[in-house]
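# Structure assessment
Residue strings, one per chain:
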Amino acid sequence: MMSVISDVSFTRFGKRPEGLLDLVAESALPIARRYGRDIDFIVFSNSYSGEFSDMSGVNNLISTRLSMDDVPSMRVDNTSGSGGSAVMVADSLIRSGNASNVLVIGAEKMTGYPTKKSTRIIASLLHPEERSAGISLPSLAAFMTRSYLKEFDAPRESVARVAVKNHHNGSLNPYAHFQSEVTLEEVMASRVIADPLRIFEFCPVSDGAVSMLMTSDENRDSFGNDHVEILGVGYSSGTSSLSYRDSLTTIGSVRRSSEMAFRRSKLTPNYMDVVELHDMAAVLEIIESEDAGFFKKGHGWEAVMNGETEIGGPRPINTSGGLNSKGHPIGASGVAQAGEIYLQITGKAEKRQIKDAHLGFSLSMAGFGNNATAIVYGGAS
Amino acid sequence: MNINRCRNCGTKFLVARSVCPKCGKEDFEHVPARSGIVLESVELIATPDPYPDRYYLVLLDVDDVKVFCRSQEKLREGSQADIQDDELGPTCRKA
Ligand SMILES: [Zn+2]
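Residue indices begin from 1 for each chain and proceed along its sequence in written order. For this description, chains carry letters from A and ligands carry numbers from 1, given in the order in which they are written. Restriction of local features to residues with pLDDT of at least 70 applies here, the model being predicted, together with a cutoff of 80 or more for giving and counting side-chain atom pairs; totals for whole chains, interfaces and linings are based on all residues. In computing side-chain properties, one takes all heavy atoms of the structure into account and sets aside hydrogens as well as water.

Residues and elements named next belong to chain A. Counting 67 residues, the largest nonpolar core has M272, M280, F361 and F368 as the members making the most contacts within it. Any pair of residues with heavy atoms lying within 4.5 Å of one another is described as a contacting pair. Contact partners of M272, with chain neighbours within four places excluded, come to F262, L267, F294, R315, L359, G360, F361 and V376. Core analysis: the next-biggest nonpolar cluster, separate from the first, contains 36 residues, F10, L93, A99 and A338 among them. Joining through side-chain atoms within 4.5 Å is the link that ties buried Ala, Val, Leu, Ile, Met, Phe, Trp, Tyr and Cys residues into a set, and such a set is a nonpolar core. Relative accessibility thresholds used throughout: buried, under 20% of the residue-type maximum; exposed, over 50%; partly exposed, between the two (1.4 Å probe, protein chains only).

Below, the structure is given as structure tokens:
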């Protein structure tokens, strides 16, 4: 048996006045209205409802909000990688026969606090012995950038070009936080956050939600005509101690999860028409594009410089705008990646549509590589 | 700041573990980290609460173990730095 995604519904990402449950309802209602009575499980991807919204047990608050009080539900909390994990859990529930039709919701409310406080909340995923030095997640990306540029003699501009590309893609995505393009000059003149990385090279702090209906290939005909198949899922962890990692220019969990997803789908990176990567910082898109197998180690930056990863290029990456421009409401991001692949493969991606998109790949990463979930998708055609 | 060292196989690491990642034994000693060589230093302008608004994060090699410290000044790669804890955590400065 195989699981399929049969419907997707986004809220606009950004600084939203609504609370967490309102955002969840906005994204879930279009699906619940159509298929509410058929849904027999709700998987809620979310990490920080306690910290930002003072709520726990939030999956049950959601099911009652949607008047699906008796539908079993669970929260999947895996920091930035929660969304990929939620899709993996839904796929497992369906393939094991434990559920038939799963509502997968990813959401986060994050903009209520000053940046200094939200930076502290996100940094709580680090070990105390490392965190106490004053590390933030953006500072790790700065270390990574310095190591990458040095080790592979890559130009500084190549990292900034990822941000230029993703802001362009985001300007074509009505759900993206940022709706405008930036030039290379604007990126390089923007405020330094963690030297050498500048503000346009990081994802913004965003609120947002996205919902999907997942079912089995056997049940799919009850849920419309547009389905995207989950062909293979891979997952892996790497050490959560940053000081224990040998290299800052490769991420073991990304390599292993991607390799597993391709092996299970009996496909290779070359076949992928559309790819979503976890670009919390622009440099991560380059490093993950290598670790997932799309480019040789140390050559991802050349692909960016040559325009290969743009919409219209041979290897489009982050057509949605990526976390960099679409925004990164933590629990929503991995589900939104699957949603973007769904829109692309079903031909509903409008201005950013890739021609003849049949196969896709997403990489959802937790805590700077603590773990990763890679998913290979396919569509009937 | 202390480094953890396995009493059985000598493996050293920064983050507390209950089991040695190399030999599986559970007996450790704590070795004070007093100085190291600067591997990289990054200026951080957006910092987490309750830390100051601006500082350098320094990655040090302490006897083959990597450790992170906070510094008020930029430290040159390859130079020697002394480590000292303040009320927030480990800091370092030019030796
Ligand atoms: Zn040992």
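Glancing now at the packing of helix α4 (residues 82-96) of chain A against helix α14 (residues 330-345) of chain A. Angle between the axes and distance between the axes: these two values describe a pair of packed helices. All names here are of chain A. Axes here refer to lines fitted to C-alpha atoms; in helices the fit is confined to the stretch in contact. Angles between the N-to-C directions go from 0 to 180 degrees. Numbered from the N terminus, helices here are DSSP runs of H or I no shorter than four residues, and strands are runs of E no shorter than two. The geometry of α4 relative to α14 is characterised by a closest axis approach of 5 Å and an angle of 60° between their N-to-C directions. If you check the angle between α4 and α14, you find them oblique. Between α4 and α14, the residues in contact are S82, G83, G84 and V87 and G331, G334, V335 and A338, respectively. A breakdown of the residues in the contact of α4 with α14 according to their chemical character gives 3 nonpolar, 5 polar and no charged. The scheme is simple: roughly parallel for angles under 35 degrees, roughly antiparallel for over 145, roughly perpendicular for 65 to 115, oblique for anything else. Residue type decides the class: Asp, Glu, Lys and Arg count as charged, Ala, Val, Leu, Ile, Met, Phe, Trp, Tyr, Cys and Pro as nonpolar, and the leftover types, Gly among them, as polar.

Residue and element names in this part refer to chain B. We call two strands paired when DSSP finds no fewer than two bridges between them. Spatially, 3 strands are ordered β2-β1-β3 in an open sheet, and the strand pairing comes out antiparallel. Strands with a single pairing partner mark the edges of an open sheet, and in this sheet they are β2 (12-13) and β3 (28-32). In the sheet, strand β1 (residues 2-6) pairs with β2 via 2 bridges, with the strands oriented antiparallel. Across the sheet, R5 pairs through a bridge with K12, a residue of β2.

Here we take up the domain arrangement of chain B. Frequently, the measure chosen for interface size is the accessible area removed from exposure when the parts meet. All names here are of chain B. Domain extents, as shown, originate in an automatic or database domain assignment. On domain assignment, one finds that chain B holds domain 1 (1-32) and domain 2 (33-94). On a C-alpha basis, the centres of domain 1 and domain 2 stand 22 Å from each other. As a working definition, buried area equals the accessible area (1.4 Å probe) given up by two parts on being put together, with both sides summed. Taken together, the two surfaces of domain 1 and domain 2 that pack against each other cover about 750 Å², and 64% of this comes from carbon and sulfur. Together, M1, K12 and P32 form the three largest contributors to the area buried by domain 1 at its contact with domain 2, with a combined 72%. Take a side-chain nitrogen of Lys or Arg and a carboxyl oxygen of Asp or Glu: if they are within 4 Å of each other, that pair is a salt bridge. A salt bridge links K12 to D63, with the shortest nitrogen-to-oxygen separation between them at 3.5 Å. Each polar contact in these results corresponds to two N or O atoms within 3.5 Å; when the atoms are within protein, one needs to be able to donate a hydrogen and the other to accept it, and residues that are neighboring in sequence are counted only if both atoms are side-chain atoms. The tally of links from domain 1 across to domain 2 stands at 4 residue pairs in polar contact (both at pLDDT 80 or more). Broken down by secondary-structure element, the contributors of at least two residues to the side of domain 1 that touches domain 2 are β1, β2 and β3.

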